[in-house]
Amino acid sequence: MAPFGAVTGTETVRNYAGGEWTDPTGEESHPVLNPATGETLATTRFSSESDVDETVGEALDAFETWSKQPVEERIQPLFKLKELLEEHQDDMARTLVEEHGKTLGEARGELRRGIENVEVACGIPSMMQSGTLQHAAPDIDESAVRQPQGVYTAITPFNFPGMIPLWFLPYAVATGNAFVLKPSERDPLTSQYLFELIDEAGFPPGVVSLLNGGPDTVNALLEHDDVEGVSFVGSTPIARHVYETAAANGKRVQAQGGAKNHVIVAESADVEFAAEQSVNSALACSGERCLANDVVLVDESVYDEFRAAALEEVESQVLGNGLDDETTIGPLITPEHEESVREMIQTGIDEGADLIHDGRDWEADGDGNFLGPCLFENVEPGMTIVDEEIFGPVLSLATVSDIDEAIETMNQSRFGNAASLFTDSGRDARKFKEDAEAGNLAINAGTAAPMAFFHFGGQKDSFFGDLHAQGEDMIHFYTDKKIAIERWDY
């Protein structure tokens, strides 16, 4: 392999299976393009069905030994991986920016969140402990133990190629399972870098594997008899397909879908702060994240003040290459996605929303997929830009009469990923926490991003399954409880 994280022109992305780097044998491929320049960085060749069979088979063989290793030994490679991620964080962040487009600061922050999940998983010796009760019945002791189940896979999206694999991988292997990652074919170089570090960290062959590919590779994993469970993050239609297909094949499934997140700005809010936080939430990562709050419901008494502050914040953004220090909004991932966001903006205009800041003609250096920030007002439920996920730098404003109307309006959405409230009222905050139909809530913060030791929530069409990513939910997802009832004559 090239040095850690090197981008070597027309390099073909490789798989990692059985502790070795291998070339995928499928016939299809996908170019990996720098979204800021249009330059070809590499080629993702897709894995064949035989690649999937071989990788899963090697993972299953590794599981038989790995699952019986003392838990303290299982976490030693994770300690080493954390050390390596810290050491290579800046270089890895640059690789992420080159293939994805987000800013360098956003990439560093993403990797930090991933490292935090490795840190939490290193606590598995305590997290896996279950209960024991002596004298549960006359002369009977009863205990529960958690045991790993086999081979798990995660199918991860393009928008956080450094963080989201680490929502799953550390917990899966720390609990004693084998793990197969299928990253997005659009930006797989960050995963290549990650697995170079994994190779150095000292995991036994087959415990952690990397499979590149497209839809056929995904379906082969969803239907494979030796895959115990599946984690997915992506759009709602694909999340529903993953959930239904994997569940129909008897697997555990957690599938994170799309979002349409709302901000509520109450009469008592710090309006300038709320505007800054709302705009930054909507525009960070070019809007390509499921925690972006892209509809703001503002109390009518403070709307004019909020609108002016939001416009000022939008106009201060800088569009450009994510490697440039002054850039605040990088390019979108592909030309096709840029065009789809532009079409959504036009649909908003056609459906009667007022575009009060038009960033479609903003220019940036380079032949990339650039789109400046757009700000709508006078939006309402039923409009496409209010009801559907855009995944671009677009923010919409509407007025409400009070907190009750705001929550009622927000809850009309079929999505339930995240929501934020800006207020100084404890009553409003309590009502929001109880009544808001979203899995990740923030009060006086623009982005409801849970720390690694809490699960990442999601409701309604934003999540399919029972157990979420991160935190304690991961322990339940990756293990099964066995009960032992013992009677001994004294």
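Residues numbered from 1 in each chain as written. Predicted model: local features only at pLDDT ≥ 70, side-chain atom pairs only at ≥ 80, totals over all residues. Heavy atoms only, no water.

Chemist: Please set out the sheet that holds strand S23 (residues 479-487) residue by residue, giving values where relevant.
Modeler: A sheet is described by the order of its strands in space; here three strands give the open sequence S6-S7-S23, paired in antiparallel fashion. In this open sheet, the two strands that pair with only one neighbour each are strand S6 (132-137) and S23. Adjacent strand axes in the sheet meet at a mean angle of 30 degrees when their direction is disregarded. Taken together, the nine bridges between strand S7 (residues 140-148) and S23 define a ladder with antiparallel strand orientation. Bridging across to S23, Val145 finds its partner in Lys482. (Pairing = 2+ DSSP bridges. Helix = DSSP H or I, 4+ residues; strand = E, 2+ residues; numbered from the N terminus. Axes fitted to C-alpha atoms, helices over the stretch in contact; angles between N-to-C directions.)

Chemist: Any details on the pairing of S6? Residues and values, ideally.
Modeler: Among the six residues in S6, zero count as buried, and that is only a small part of the element. In terms of strand pairing, S6 meets S7 through three bridges, oriented antiparallel. Each residue of the ladder has a partner; that of Leu133, found in S7, is Glu142. In textbook terms, the turn of a hairpin is the stretch between consecutive antiparallel strands, and for S6 and S7 this stretch comprises two residues, one of which, Asp139, has a positive phi near 60 degrees. (Buried < 20%, exposed > 50% of the residue type's maximum accessible area, 1.4 Å probe, protein only.)

Chemist: Go over the pattern of salt bridges, please, and point to the residues and values.
Modeler: Under the defined criterion, the tally for this structure stands at 21 salt bridges. Linking Lys82 and Glu119 is a salt bridge whose minimum nitrogen-to-oxygen distance equals 3.5 Å. Residue Lys82 is located in helix H3 (residues 76-87), and its partner Glu119 is located in helix H5 (residues 104-121); the two are separated by 37 residues in the primary sequence. We classify Lys82 as partly exposed; its relative accessible area is 22%. Accessibility expressed as a relative area gives 34% for Glu119, which makes it partly exposed. Between Glu377 and Arg307 there is a salt bridge, and its shortest N-O distance comes to 2.8 Å. With Glu377 in strand S16 (residues 374-377) and Arg307 in helix H12 (residues 303-315), this pair connects stretches of sequence that are 70 residues apart. By relative accessible area, which is 11% here, Glu377 ends up buried. (Salt bridge = Lys/Arg side-chain N within 4 Å of Asp/Glu carboxyl O.)

Chemist: So what's going on with unusual backbone geometry? Residues and values would help.
Modeler: A positive phi angle, near 60 degrees, is found at Asn378, a position not held by glycine. With respect to the element layout, Asn378 can be found in the loop between S16 and helix H14 (384-387). Here Asn378 falls in the partly exposed class, since its relative accessible area comes to 46%. Positive phi is not limited to glycine here, since Asn444 has a value of about 60 degrees. One can find Asn444 in the loop between strand S20 (440-443) and strand S21 (459-460).

Chemist: So what's going on with the nonpolar core? Residues and values would help.
Modeler: Among the nonpolar cores identified, the biggest contains 63 residues, and Phe168, Phe179 and Phe195 are the most heavily contacted of them. No other element matches the eight residues that helix H7 (residues 165-174) contributes to this core. In this view, Phe168 contacts Ala154, Thr156, Phe179, Ser231, Val233, Gln254, Ala469, Met474 and Tyr478; residues no more than four positions away in its chain are not counted. (Core = buried A, V, L, I, M, F, W, Y, C linked by side-chain atoms within 4.5 Å. Contact = heavy atoms within 4.5 Å.)

Chemist: Any details on the confidence of the model for the chain? Residues and values, ideally.
Modeler: On average, residues of the chain score 96 in pLDDT, and 98% of them reach the 70 mark or higher. Here residues 1-10 is a poorly scored stretch, pLDDT under 50, and it has 27 contacts once near neighbours within four places are set aside; other chains count. (pLDDT = per-residue confidence, 0-100.)

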